[in-house]
Amino acid sequence: MANEPKYVFDKKKIDDELLGNIGNAIMKEQEQELNLFRAGLEADGADDDFSAQDKRELEQLLSLVHKLEKDVMIQRVTFAMNENDRQKRLATSSATDKGESFKKTVASQECGTGCCSCCKCFSCCLKNCFRCFDSCLSILSTCCCMCLIGSCSDSCLKCCKCCISYPVKYQFDFYNWGGTINTKNNEGYFFSVFDDDMLKWYHPATTRDDIRSIVKQATQDNKRIRCFGSRHSWSKFFGDDNTVLISMLPLIPALLNFDFLPEKYPDLELSQKDGDLNYLSMYEKSGILTVGGGVTNEMIRKYLVNSNSNWQIPMNVILVEVTAGGVLSMICHGAGKENPTISDIATSVEFVDPKGEVYEVPGTLPNGQEILKSASGAFGLFGVVTKLSLQLEKKAIAVYAPAKVPLDKAIPPPGSTSVDDIKAFYNTCEMTYSEFFWFPGSDQVWVNSWNTTNQLPDGKKLTLEYPDEKQTWVQEVRNYLFGQFRWMNSQLGRYSWWRTLRSNLAMLWMPDYSNDPVYTPKQNAIHFGRGIHNMKVRDTEMEIPLILEGSNEEDYVAWDRVRAFWSAAVEYVRNDLNVDLTLEMRLMGGSEVTLSPQKGNKYTLSIEILSMAPTSLNEDTWNPKWQVSMQGFYNLMCTVAEQVGIPPLMVRPHWAKETTLSVKELRQVFEPQNFSIFNSHLSTVAQSRGLTRKDFFQRFSNKHLDALFRASP
Ligand SMILES: Cc1cc2nc3c(=O)[nH]c(=O)nc-3n(C[C@H](O)[C@H](O)[C@H](O)COP(=O)(O)OP(=O)(O)OC[C@H]3O[C@@H](n4cnc5c(N)ncnc54)[C@H](O)[C@@H]3O)c2cc1C
């Protein structure tokens with residue numbers, strides 16, 4: 001023990017890592033703590049030399065101070081705060097005058113006109129309470145906080161945590177979940193915070209103010225910004241290389257490309273503090289749900305199911321992991337012939353603009369309600385979505401009764417003579433929620449359609465959690481294991497028996513409650529499947545008008561058209577082994593959102609094919625067949641549309657999913673005038689903020705969006 005080297009407290013090294021005076025102050029506290037620790041050891045009779053155990057404990061203590069370098073996730077951190085700037089500030093305000101000259105300057109200017117323009121109540125800083133600094137954003141550029149000029153270095157610093165919390169940049173390569181997008185040299189930000197013991201920790205953006213400071217910094221660096229939530233989109237809407245990417249989820253795993261995510265991920269705690277990205281509030285009187293941009297579907301589901309709220313979201317995507325900001329930005333949808341998209345039920349959206357300032361649509365904008373139709377499905381072009389409000393509907397109970405039905409009965413093909421089957425199918429289309437899955441090779445369809453009720457039948461119990469914890473766990477593990485077939489597919493994919501085997505296995509796993517429905521909150525029935533996240537897939541989806549808005553065609557005409565589309569799709573998939581996972585179909589309503597694929601429709605058919613085909617990122621197994629399958633499927637849907645009297649140019653892809661359509665073709669099917677309307681709405685917003693539309697594109701677009709919107713950055 002006595003031969004072990006004495007522990008060396010490398011103060012200089014640590015000083016170098018921390019910020020000047022503040023660092024000194026913090027180090028003093030740490031040093032004191034260490035001295036106390038040493039004294040404690042001595043008092044316990046230990047000699048001056050530390051045992052290996054003692055040394056380890058000391059090192060642990062110090063490693064907290066050293067967190068900057070030690071944390072694996074921030075290896076490539078560079079200080080965002082420009083050291084030269086800091087030095088300049090220190091030089092111009094002498095540390096010896098204890099901030100007096102600074103105080104005078106600020107006092108004479110009152111508030112907001114000095115270097116700290118974001119800070120609205122400077123007067124309280126002078127009274128030394130520093131409360132307003134909780135939202136101080138100026139640290140990125142011109143921090144005027146007294147502690148940085150030395151006046152605070154002897155104090156406890158607790159009043160000033162946020163000022164010494166500064167964002168640090170790191171670089172990373174980005175992958176989306178589906179593996180179709182990979183960009184390089186992107187910049188992300190971590191924020192440092194001091195806990196009550198003045199230990200420094202790092203976290204990604206968690207508040208609107210964090211987002212504002214990133215936007216300000218990116219503007220200063222003339223960098224483009226794109227956001228991401230759970231990264232579940234497949235299309236080219238993420239950033240290009242060298243872009244600042246903002247994760248709306250505070251979890252570091254959001255950056256990692258895990259195949260398996262534990263059950264609770266990303267089931268974060270909700271916050272009641274407006275401005276937090278995980279904020280949620282419910283205005284019971286009118287059924288308006290307001291959530292932060294980083295709130296996930298799981299957080300909303302849990303809240304609505306377990307709280308006393310009388311409201312529910314009328315429709316939503318199946319996935320629970322996705323974020324409110326991501327779902328809104330990509331104009332996502334659920335099912336049910338009466339249901340529009342989620343963007344359609346947005347009553348207001350809060351954004352951070354290119355200057356880092358917050359604004360709301362409709363807010364006080366002239367024509368705000370019209371502008372909302374573009375802002376609620378804006379692909380990130382109106383700025384970063386930090387908060388949004390949705391109009392909910394009154395709560396109801398789903399009579400959840402999915403069924404396994406023979407293929408030709410579930411959706412009778414055109415020419416079928418069975419009146420009963422056709423009637424049953426019409427009834428299914430009229431249900432609150434209508435969805436159909438076919439696993440190619442199986443001779444059954446999983447009909448996941450259900451109605452709602454306001455009253456439980458006698459003897460029936462409400463199942464508050466569906467799927468329950470055990471079912472959730474099973475689904476998550478099962479989907480993960482199923483996802484591992486990807487490799488075997490690359491070897492056996494050319495054999496139809498292999499696909500049939502897998503399809504029958506999948507069908508075996510699907511529940512059939514047709515004889516004994518589960519009574520559960522509608523919110524649970526919407527998110528009936530879990531662990532979908534654990535099986536990476538490829539996906540292309542089309543939204544097809546079944547009846548156009550304003551048409552006086554009867555509903556059954558729409559359902560007959562569904563039969564035509566489905567029957568053609570089944571034949572196509574049967575003959576294309578590359579579509580090795582699912583054919584899925586949902587019915588829904590139209591949409592008023594400017595660039596929604598459902599715009600102009602009374603009823604819409606959403607039809608998609610899913611595959612486990614490798615992506616171009618899996619270079620060892622990549623082949624271009626999936627591209628051919630997607631194009632072939634799109635062509636087929638256009639052909640059927642023409643045959644049943646629907647304009648083929650109104651067959652539109654889902655923005656978040658994969659498509660083979662070129663920019664020119666996308667502009668054609670979404671109609672050039674809709675892009676013009678969107679652009680003019682964005683111009684009005686920009687003008688109201690003293691900016692131009694170009695400023696928004698320069699900051700928040702990418703090359704694909706530039707081309708789509710004919711915007712020059
Ligand atoms: C297995 C699976 C099932 C799916 N099921 C459905 C479904 O049933 N219905 C449906 O419609 N879609 C469905 N999707 C698509 C999915 O809902 C969308 O891709 C959605 O955008 C994903 O949300 P996210 O949080 O992952 O967003 P991301 O994919 O991370 O982000 C999508 C885009 O939105 C923008 N964005 C995200 N957050 C913000 C923000 N806060 N501010 C500004 N811009 C932002 C970014 O530009 C980004 O490029 C499914 C996807 C998968 C993988």
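Note that the structure is predicted; figures quoted are calculated from it, not measured.

Points about the overall build of the protein
Link 1 in the chain: Scanning the protein for helices and strands turns up 24 helices and 23 strands.
Link 2 in the chain: Burial statistics for the protein: of 713 residues in total, 44% are counted as buried.
Link 3 in the chain: For the protein, long-range pairs separated by at least 24 residues make up 71% of all intrachain contacts whose partners lie at least 6 apart in sequence.

Brief notes about the packing of helix α14 (residues 419-429) against helix α19 (residues 555-574)
Link 1 in the chain: Between α14 and α19, the shortest axis-to-axis distance is 10 Å and the interhelical angle comes to 105 degrees. Relative to α19, the element α14 is oriented roughly perpendicular. Facing α14, whose interface residues are Phe425, Tyr426 and Cys429, α19 presents Tyr556, Trp559 and Val562.
Link 2 in the chain: Taken together, the residues of the contact of α14 with α19 break down into 6 nonpolar, no polar and no charged.

Thoughts on the sheet that holds strand β16 (residues 435-438)
Link 1 in the chain: Taken in spatial order, the 7 strands line up as β15-β17-β16-β21-β22-β20-β23 in an open sheet, and their pairing is antiparallel. Edge strands, defined here as strands with exactly one partner in the open sheet, are β15 (403-406) and β23 (652-653).
Link 2 in the chain: Two elements, strand β20 (residues 538-548) and β23, share 2 bridges in a ladder whose sense is antiparallel. In the sheet register, methionine 542 faces β23, and the bridge partner there is proline 653.

A short note on the nonpolar core
Link 1 in the chain: One finds Ile246, Leu381, Val445, Ile544, Val562, Phe565 and Met637 to be the most contacted residues of the largest nonpolar core, which totals 137 residues.
Link 2 in the chain: The element that contributes the greatest number of residues to this core is α19, accounting for 9 residues.
Link 3 in the chain: Apart from residues no more than four positions distant in its own chain, valine 562 is found in contact with Ile411, Cys429, Leu546, Leu587 and Leu605.

Details of the sheet that holds strand β19 (residues 518-521)
Link 1 in the chain: What the 3 strands build is an open sheet, ordered β18-β14-β19; its pairing is antiparallel. Only two strands of the sheet have a single neighbouring strand rather than two, namely β18 (451-453) and β19. Strand-to-strand twist of the sheet, defined as the mean angle between neighbouring strand axes without regard to direction, takes the value 40 degrees.
Link 2 in the chain: Here strand β14 (residues 397-400) pairs with β19 via 4 bridges, running antiparallel. The residue of β19 that forms the bridge with alanine 398 is threonine 520.

What about the site of the ligand?
Link 1 in the chain: Surveying the vicinity of the ligand reveals 31 residues, the closest of which are Gly229, Gly325, Gly326, Cys332 and Gly380.
Link 2 in the chain: Among the secondary structure elements, those contributing two or more residues to the shell around the ligand are β5 (225-228), α11 (324-329) and β12 (384-391).
Link 3 in the chain: Broken down by element, the shell around the ligand gets its largest block of residues, 4 residues, from α11.
Link 4 in the chain: Grouping the amino acids of the shell around the ligand by side-chain chemistry returns 18 nonpolar, 11 polar and 2 charged.

Some remarks on the packing of helix α12 (residues 368-375) against helix α22 (residues 672-688)
Link 1 in the chain: Look at α12 against α22: their axes get within 9 Å of each other, and the N-to-C directions meet at 120 degrees. Note on packing geometry: the crossing formed by α12 with α22 is left-handed. Of the residues in α22, those in contact with Ile371, Ser374 and Ala375 of α12 are Ile677, Phe678, His681, Leu682, Thr684 and Val685.

Here's the deal with the pairing of strand β7 (residues 280-283)
Link 1 in the chain: Bridge count for β7 against strand β8 (residues 288-292) is 4 bridges, and the pairing is antiparallel. Directly across from tyrosine 283, in β8, lies its bridge partner isoleucine 288.
Link 2 in the chain: Where β7 folds back onto β8 in an antiparallel hairpin, the turn is made up of 4 residues, including glycine 287, whose phi is positive at roughly 75 degrees.

A look at helix α9 (residues 208-220)
Link 1 in the chain: In this model α9 runs 18 Å from its N-terminal to its C-terminal C-alpha over 13 residues, within 8% of the 18 Å that 1.5 Å per residue would give.
Link 2 in the chain: When you tally the buried positions in α9, you get 11 out of 13 residues, the bulk of the element.
Link 3 in the chain: Inspection of α9 places Arg208, Asp209, Asp210, Ile211, Arg212, Ser213, Ile214, Val215, Lys216, Gln217 and Ala218 among the buried residues, and these make up the whole buried set.
Link 4 in the chain: Asparagine 222 lies just past α9 and shows a positive phi near 50 degrees.

Re the environment of isoleucine 422
Link 1 in the chain: Along the polypeptide, isoleucine 422 turns up in helix α14.
Link 2 in the chain: Accessibility expressed as a C-beta count within 10 Å gives 18 for isoleucine 422, which makes it partly exposed.
Link 3 in the chain: Leave out the neighbours within four places in its chain, and isoleucine 422 touches Pro412 and Ser416.

Notes on unusual backbone geometry
Link 1 in the chain: With an omega of 10 degrees, the peptide bond between valine 361 and proline 362 qualifies as cis.
Link 2 in the chain: Checked against the element boundaries, proline 362 lands in the loop between β11 (358-361) and α12.
Link 3 in the chain: The amide bond that connects tyrosine 466 to the next residue, proline 467, takes the cis arrangement and shows omega of -10 degrees.
Link 4 in the chain: Residue placement: proline 467 occurs in the loop between β18 and α15 (469-483).
Link 5 in the chain: One non-glycine residue, asparagine 185, adopts positive backbone phi at about 50 degrees.
Link 6 in the chain: As for its placement among the helices and strands, asparagine 185 is situated in strand β3 (residues 182-194).

Examining the pairing of strand β21 (residues 582-588)
Link 1 in the chain: Along β21, 6 of the 7 residues are buried, which leaves the element largely enclosed by surrounding structure.
Link 2 in the chain: Relative to β21, β16 runs antiparallel, the two being bridged by 4 bridges. Of the residues in β21, the one forming a bridge with tryptophan 438 is leucine 583.

Things to note about the environment of glycine 229
Link 1 in the chain: Along the chain, glycine 229 falls in the loop between β5 and β6 (244-247).
Link 2 in the chain: Spatially, the C-alpha atom of glycine 229 lies 5.5 Å from that of threonine 323, the residues being 94 residues apart in sequence.
Link 3 in the chain: In this structure glycine 229 touches Met248, Leu249, Val322, Thr323, Gly325 and Gly326, once residues within four positions along its chain are discounted.

Observations concerning the confidence of the model for the protein
Link 1 in the chain: Chain-level statistics for the protein give a pLDDT mean of 80 and a share of 71% at 70 or above.
Link 2 in the chain: Note on residues 1-27: pLDDT is under 50 here. Beyond four places in sequence and across chains, it has 35 contacts.
Link 3 in the chain: Throughout residues 64-165 the model reports pLDDT below 50, and contacts reaching past four residues in sequence, or to other chains, amount to 147 contacts.

Criteria and cut-off values
- Residue numbers run consecutively from 1 along every chain, following the written order of its sequence.
- Only residues with pLDDT of at least 70 get local features here, since the model is predicted, and only at 80 or more are side-chain atom pairs given and counted; chain-wide, interface and lining totals rely on the full set of residues.
- Each helix is a run of DSSP H or I of at least 4 residues and each strand a run of E of at least 2, with the numbering of both proceeding from the N terminus.
- Counts of 20 or more other C-beta atoms within 10 Å of a residue's own C-beta define buried residues, counts of 12 or fewer define exposed ones, and intermediate counts define partly exposed ones; C-beta atoms are placed from the backbone.
- By definition, residue pairs are in contact when their C-beta atoms, positioned from the backbone, come within 7 Å.
- Fitting a line to C-alpha atoms yields each axis, with helices limited to the stretch in contact; the angle taken between N-to-C directions then spans 0 to 180 degrees.
- To sort the angles, those under 35 degrees are grouped as roughly parallel, those over 145 as roughly antiparallel, those from 65 to 115 as roughly perpendicular, and the leftovers as oblique.
- Amino acids outside the nonpolar list (Ala, Val, Leu, Ile, Met, Phe, Trp, Tyr, Cys, Pro) and the charged list (Asp, Glu, Lys, Arg) are all regarded as polar, and Gly is one of them.
- We treat two strands as partners when DSSP finds at least two bridges between them.
- The term nonpolar core means buried Ala, Val, Leu, Ile, Met, Phe, Trp, Tyr and Cys residues held together as one set by C-beta atoms within 7 Å.
- For each residue, a C-beta position is placed from the backbone atoms; the residue is near a molecule or strand when that point lies within 6 Å of it.
- Crossing handedness is read from the near helix: turned anticlockwise from the far helix by less than a right angle, it gives a left-handed crossing, and turned clockwise, a right-handed one.
- Each helix should span, by expectation, one fewer than its residue count multiplied by 1.5 Å.
- A residue's pLDDT is the confidence the predictor assigns to it, expressed on a 0 to 100 scale.

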